[in-house]
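# Inside the fold
The primary structure of each chain is shown beneath.
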Amino acid sequence: MELSILYRGPLASCDYDCAYCPFAKRRDSPETLRADRAALARFVAWVTAQTEDRINVLFTPWGEGLVRSWYRRALVDLSRLDQVGEVAIQTNLSSRTDWTGEADLRSLALWCTYHPDQVPYERFIGRCAELGERGVRFSVGVVGLPEHLDAARRLRADLPDDVYLWANAAEGYTYSDDEAELWTEIDPLFPVSRFPHPSSGHACRAGETVVSVNGEGDVYRCHFVPRSDPAERLGDLYDGSYRAGLQPRLCPLTQCDCHIGYVHMPELGLYETFAGGVLARIPADVSRLLALRSAPAAGIRPR
């Protein structure tokens, strides 16, 4: 069996203060940090024991994980396992990068978000250069707010052509066609992010080959389907009861507006676009996308 896991433990603290984030500059208590560390160690031990399966992991902490030593250790240890195909984390890249030297770079990847009002440009682009020098696969992105456009253009100009720069449509912001065209010049896949995708009754790999796991080991189909209904819990990761709940499922939500959700909708063809880097948002052929900046989103099937 091949299973992709989006893991989110108790950690909910961040060293940045982004206005659009509810976890900005939040501090976790020592008790929460100890619980998060223990939960992550348990998860890593479970993955280590799954020698008969193929496991892919994306860490999606509410806060910033790489400032914590246990997330860096987990990424290194998981990357070295034969059964792990891809292991990645969403990060603001505020911490050092030398730890990646211990990892197996065939499976490790980073999903890096640039926050122009939180970090000096030189520091962020310098960290990206370090990753490149170390041979780490990574994508870089920004939230597509109007005030971030110039910074995104500068970043695209300075990043190597083989590094994908994505732009997320800002939540609650409506883009004119002219504005959308400007962002598409930077990220040819911006049209995929611009509008929420109708999803009610549509097929999705979530709940079948992709699941969401919390620190307690509860398994759900994805991060976004409300968990108030007990039936949405597929089972427990650690006693194996979740396996009986894995099956093809149709989405119960009206729409899906987050990449880590809609990337798993077969109708969009994004597994082909991001082949080998689905969880870290790394396209299979970045150069092809850059060559088609003015064309419709490459590799994306019509909705």
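Placed above this text is the structure.
Presented here is a report on the structure given in the accompanying data block. Source: prediction; values computed, not measured.

## Observations concerning the nonpolar core
Membership of the largest hydrophobic core comes to 69 residues, with the highest contact counts inside it found for F43, F59, L110, V140 and L155. Ranked by the residues each element gives to this core, the list is headed by helix α1 (residues 30-49), at 7 residues. Counting residues in each nonpolar core, the second largest holds 29 residues, with A206, V263, F274 and A280 among its members.

## Regarding the pattern of salt bridges
All chains considered together, the criterion is met by 12 salt bridges. Where D53 meets R243, a salt bridge forms, and the shortest distance between an N and an O atom there is 2.4 Å. Placement of the pair is D53 in the loop between α1 and β2 (54-59) and R243 in the loop between β11 (233-236) and β12 (249-250), with a sequence separation of 190 residues. With its nearest N and O atoms 2.8 Å apart, the salt bridge here joins D177 to R194. In this pair, D177 is assigned in helix α5 (residues 177-186) and R194 in helix α6 (residues 190-194), connecting sequence segments 17 residues apart. Take D177: its relative accessible area is 56%, and that puts it in the exposed class.

## Some details on helix α2 (residues 69-79)
Along α2, 8 of the 11 residues are buried, which leaves the element largely enclosed by surrounding structure. If you check which residues of α2 are buried, you get W70, Y71, R72, A74, L75, V76, L78 and S79.

## Quick word on unusual backbone geometry
Outside of glycine, negative phi angles account for most residues, and trans bonds account for most peptide bonds. Phi is positive for L93, which is not a glycine, with a value near 60 degrees. Considering the arrangement of structural elements, one finds L93 in the loop between β3 (84-91) and β4 (108-113). Despite not being glycine, R281 shows a phi value in the positive range, around 60 degrees. Here R281 is to be found in the loop between α8 (270-273) and α9 (286-291).

## Quick notes on the side chain of D53
Note on D53: relative accessible area 12%, which makes it buried. Side chain to side chain, D53 and R243 meet in a polar contact 2.4 Å long. Setting aside anything within four residues of it in sequence, one finds D53 in contact with M1, Q83 and R243.

## Things to note about the pairing of β2
Across the 6 residues that make up β2, a large majority, 5, are buried. With 6 bridges connecting them, strand β1 (residues 2-8) and β2 associate as parallel partners. Residue Y7 lies in a different strand from β2, and its bridge partner there is F59. Direction of pairing for β2 relative to β3: parallel, over a ladder of 5 bridges. Residue pairing for β3: L58 is matched across the bridge by A88. For the crossover that starts at β2, traverses α2 and ends in the parallel β3, the hand is right-handed.

The rules behind the values
Residues numbered from 1 in each chain as written. Predicted model: local features only at pLDDT ≥ 70, side-chain atom pairs only at ≥ 80, totals over all residues. Heavy atoms only, no water. Core = buried A, V, L, I, M, F, W, Y, C linked by side-chain atoms within 4.5 Å. Buried < 20%, exposed > 50% of the residue type's maximum accessible area, 1.4 Å probe, protein only. Helix = DSSP H or I, 4+ residues; strand = E, 2+ residues; numbered from the N terminus. Salt bridge = Lys/Arg side-chain N within 4 Å of Asp/Glu carboxyl O. Polar contact = N/O pair within 3.5 Å; in protein donor to acceptor, adjacent residues only side chain to side chain. Contact = heavy atoms within 4.5 Å. Pairing = 2+ DSSP bridges. Right-handed = clockwise from strand over helix to strand, strands pointing away.

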